[in-house]
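# Observations on chain architecture
Now for the letters of each chain:
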Amino acid sequence: MKRIKALMYGVGVVAQTGIVRLMVEKGVDVVGAVSRSSNIGKDLGAVCGIDHPLGVKITNDPDEVISNYDIDIAIHAVTNSLAGSYDQIARCVSNG
């Protein structure tokens, strides 16, 4: 069975305390993480309190992640405002 490869777009409290941990527990391979925070360059597993590194460095360059990985899904957890997240979502959709 093929494992799902995911991009975590937004690494705030919701992603850190629930989304990333649940994806890892369910066998999803998180292959990229994009954030605007001070966590740039840190390992996603460490930032999310997972007991082992995930080997995923958080970046602020979504194009780098989208172009370098074969991503099946993108989980967007940045804002609940469509106007504020339109460009981010459009970037993911336009890249399949």
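Since this is a predicted model, take the numbers as computed values, not measurements. In this convention, every chain numbers its residues from 1, walking through the sequence in written order. Since the coordinates come from a predicted model, pLDDT governs what is reported: local features require at least 70, and pairs of side-chain atoms require 80 or more to be given and counted, while whole-chain, interface and lining totals use all residues. Based on all heavy atoms of the structure, the side-chain values leave hydrogens and waters out of the count.

## Focus on the overall build of the protein chain
Helical segments are the DSSP runs of H or I of at least four residues, strand segments are the runs of E of at least two, and each set is numbered from the N terminus. The secondary structure content of the protein chain amounts to four helices and four strands. Taken from the N to the C terminus, the helices and strands of the protein chain come in the order β-α-β-α-β-α-β-α. A burial count over the protein chain gives 33% of its 96 residues as buried. Only heavy atoms enter the contact rule, under which two residues are in contact if any of them lie within 4.5 Å. In the protein chain, the proportion of contacts linking residues at least 24 apart, taken out of those at least 6 apart, comes to 66%. Buried, partly exposed and exposed residues are distinguished by accessible area as a fraction of the type maximum, computed with a 1.4 Å probe on protein chains only: under 20%, between the cut-offs, and over 50%, respectively.

## Description of helix α1 (residues 13–25)
Taking 1.5 Å of rise per residue, the 13 residues of α1 would be expected to cover 18 Å, and the 18 Å separating its terminal C-alpha atoms lies within 8% of that figure. If you look at α1, its biggest bend is around 35°, right at Ile 19. Turning to α1, its buried residues number three or more, namely Ala 15, Val 20 and Met 23. Contacts from the buried residues of α1 go to β1 (5–9), β2 (29–34), α2 (44–47) and β4 (73–76). Note on α1: the residue one or two positions beyond its end, Gly 27, has a positive phi of about 90°. A helix's residues, less one, multiplied by 1.5 Å, set its expected span. Bend at a given residue is defined as the angle between two axes, one fitted to the seven residues that end at that position and one fitted to the seven that begin there.

## Structural notes on the side chain of Asn 39
Among the secondary structure elements, Asn 39 is positioned in the loop between β2 and α2. Assessed through its relative accessible area of 13%, Asn 39 is described here as buried. Apart from residues no more than four positions distant in its own chain, Asn 39 is found in contact with Val 11, Gln 16, Val 47 and Ile 58.

## Observations regarding the sheet that holds β4
Backbone hydrogen bonds hold the strands of a sheet together, and the pairing may be parallel or antiparallel. Strands sit in the order β3-β2-β1-β4 across an open sheet of four strands; the sheet is parallel. The sheet is open, and its two borders are formed by β3 (58–59) and β4, each paired with just one other strand. As paired elements, β1 and β4 share four bridges and run parallel to each other. Directly across from Ala 6, in β4, lies its bridge partner Ile 73. The sheet strands contacting α1 are β1, β2 and β4, and the helix crosses β1 at an angle near 175°. The criterion for strand pairing is that DSSP finds at least two bridges linking the strands in question. Here an axis means a line fitted to C-alpha atoms, over the contact stretch when the element is a helix, while the angle between two N-to-C directions is reported on a 0 to 180 degree scale.

## Re the nonpolar core
Grouping buried Ala, Val, Leu, Ile, Met, Phe, Trp, Tyr and Cys residues that are joined through side-chain atoms within 4.5 Å yields what is termed a nonpolar core. Counting residues in each nonpolar core, the largest one holds 15 residues, and the members touching the most others are Met 8, Val 11, Val 20, Met 23, Ala 33, Leu 44 and Ile 58. Listing elements by their share of this core, those giving two or more residues are β1, α1, β2 and α2. For this core, the element with the most residues is α1, which contributes three residues. Contacts of Val 20, omitting those with residues within four sequence positions, involve Met 8, Ala 15, Leu 44, Cys 48, Ile 50 and Leu 54.

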